[in-house]
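Residue-level listing of the chains:
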Amino acid sequence: MTWRFALVIEPAASDDSRTDFGGTFTEIDPSAPALSVGELSTQRGDGIFESIGVIDGHAQEVDAHLDRLAHSASICDLPAPSARQWRQAIDIAATHCPADAEAVIKLILSRGVEHGPTPTAWVTAAEAADNTRARTEGITVVTLDRGYGIDVPARAPWLLLGAKTLSYAVNMASIREAKRRGADDAVYVTSDGFVLEAPTASLILRVDGRFVTPAPNGGILHGTTQLSLFEHLEALGEETSYETVPVSMLGEADAAWLVSSVRLAAPIRRIDGRDLALDAEATASFNRHLLSPRD
Ligand SMILES: Cc1ncc(COP(=O)(O)O)c(C=O)c1O
């Protein structure tokens, strides 16, 4: 049985001192039409979003997601969101998630209606896809050219590269291209030979005994899952590092993972046709950590 929940939010200012934002939420029928035809999120993809993993009714890493929502809003010149208001909306959505299953809560903040005065915002909750296979059997990836150099985020900030915008058509096209090439997913590389991220996930490599992820220096999202895993690894005494990763490092890795809020840690078993050992023990321990309640 599929289920869904949706709540429309009247966005409050970030300094709104109310403690109870209940009056700004309207629960709507998730299968009924809800958006105006003038919505800039649908016309132009002009807005930002977050996808939060929910485990047995517990929304994971809410603060990290709200921090990134605020970061995306600032890059996109959207009004700063009220963290307290969004947290209350997430709490309500979480109460509609099953107590014994995985779900996903999405936060959407749109530029609003054309010529309208304010942004529009809503939260949805739905059951998560079953990702057991990707987590246990692993995935294959191909590298795809992102089409620009590593210096582009600084040279062209209007490309909004560090923001999680609603414009994911390119990301979805990249996954289709990866599938056409016989792989499950893609890893973006810059045209000057550096590794970035996947279309919907961060990349972690194990190289010479340390865990490496491409530095989020404006060009990629700072993944909440990667952050949480690095904290976990550091607590276990492992070495972690953010680096500018040349494509050649993919060939030096003895294990690699794509990590994200809903799929969690998916071990990579082949990159561009090169087989990689699947470290089942490390992967299981990553996913045990990611499936435990995390704030
Ligand atoms: C482009 C991109 N990079 C990285 C991530 C991983 O972020 P998180 O771990 O917060 O889900 C995502 C998640 O959707 C993404 O879309």
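For every chain, the first residue of the written sequence is number 1, and numbering continues from 1 onward in sequence order. Only residues with pLDDT of at least 70 get local features here, since the model is predicted, and only at 80 or more are side-chain atom pairs given and counted; chain-wide, interface and lining totals rely on the full set of residues. Derived side-chain values reflect all non-hydrogen atoms in the structure, with water molecules and hydrogen atoms excluded from consideration.

Within an unreviewed UniProt entry, the label attached to the protein chain reads Aminodeoxychorismate lyase, and the organism entered is Microbacterium terrae. UniProt positions are given in the numbering used here, feature names are shortened, and annotations may be inferred rather than shown by experiment. Per UniProt, the protein chain carries the Sequence similarities (unreviewed entry) text "Belongs to the class-IV pyridoxal-phosphate-dependent aminotransferase family."

1. A short note on the layout of surface pockets
Cavities and pockets were defined on a 1 Å grid built over protein atoms only: a cavity is a set of grid points that admits a 1.4 Å probe from which the probe cannot escape, a pocket is an open set flanked by protein on both sides within 12 Å along at least five of seven lines, and lining residues are those with an atom within 4 Å of any such point. Grid points are joined across faces, edges and corners, and a volume is the space filled by probe spheres set on the points. Of the pockets and cavities examined, the largest pocket occupies roughly 1100 Å³. Taken together, 49 residues make up the lining of the largest pocket; nearest its centre are Lys164, Tyr168, Asn171, Pro199 and Thr200. In this description a helix means any DSSP run of H or I spanning at least four residues, a strand means any run of E spanning at least two, and both kinds are numbered starting from the N terminus. Where the lining of the largest pocket is concerned, the elements lending two or more residues are strand E3 (47–55), strand E5 (102–110), helix H6 (169–180), helix H7 (224–235) and strand E12 (255–260). Looking at the lining of the largest pocket, the element that brings in the most residues is H6, giving four residues.

2. A closer look at the side chain of aspartate 185
For aspartate 185, the position within the fold is in strand E8 (residues 185–189). Any two residues whose heavy atoms approach within 4.5 Å at even a single point are treated as in contact. Residues in contact with aspartate 185, not counting those within four places in the same chain, are Thr140, Val141, Val142, Ile175, Ala178, Pro199, Leu258 and Arg263.

3. Digging into the pairing of strand E6 (residues 120–127)
Only protein chains enter the accessibility calculation, which uses a 1.4 Å probe; a residue whose area is less than 20% of its type maximum is buried, one above 50% is exposed, and one in between is partly exposed. Along E6, six of the eight residues are buried, which leaves the element largely enclosed by surrounding structure. Here, any two strands with at least 2 DSSP bridges between them count as paired. The pairing of strand E1 (residues 4–9) with E6 spans six bridges and is antiparallel. Bridge pairing links arginine 4 to alanine 126 in E6.

4. Digging into empty space enclosed by the protein
Gaps left between atoms are located by rolling a probe of water-molecule size over the structure's atoms. Counted under the stated rule, the structure contains four cavities of 30 Å³ or more. Each pocket or cavity is described by its volume, and for the largest cavity that value is around 70 Å³. Lining the largest cavity we find Ile150, Phe194, Val195, Leu196, Pro214, Ala215, Asn217, Ile220, Glu243, Thr244 and Val245. For the lining of the largest cavity, a count of residues per class yields eight nonpolar, two polar and one charged. Lining the second largest cavity we find Leu196, Glu197, Ser202, Leu203, Thr213, Pro214, Pro216, Ile220, Leu221, His222, Gly223 and Gln226. Just so you know the grouping, Ala, Val, Leu, Ile, Met, Phe, Trp, Tyr, Cys and Pro go in nonpolar, Asp, Glu, Lys and Arg go in charged, and all remaining residues, Gly too, go in polar.

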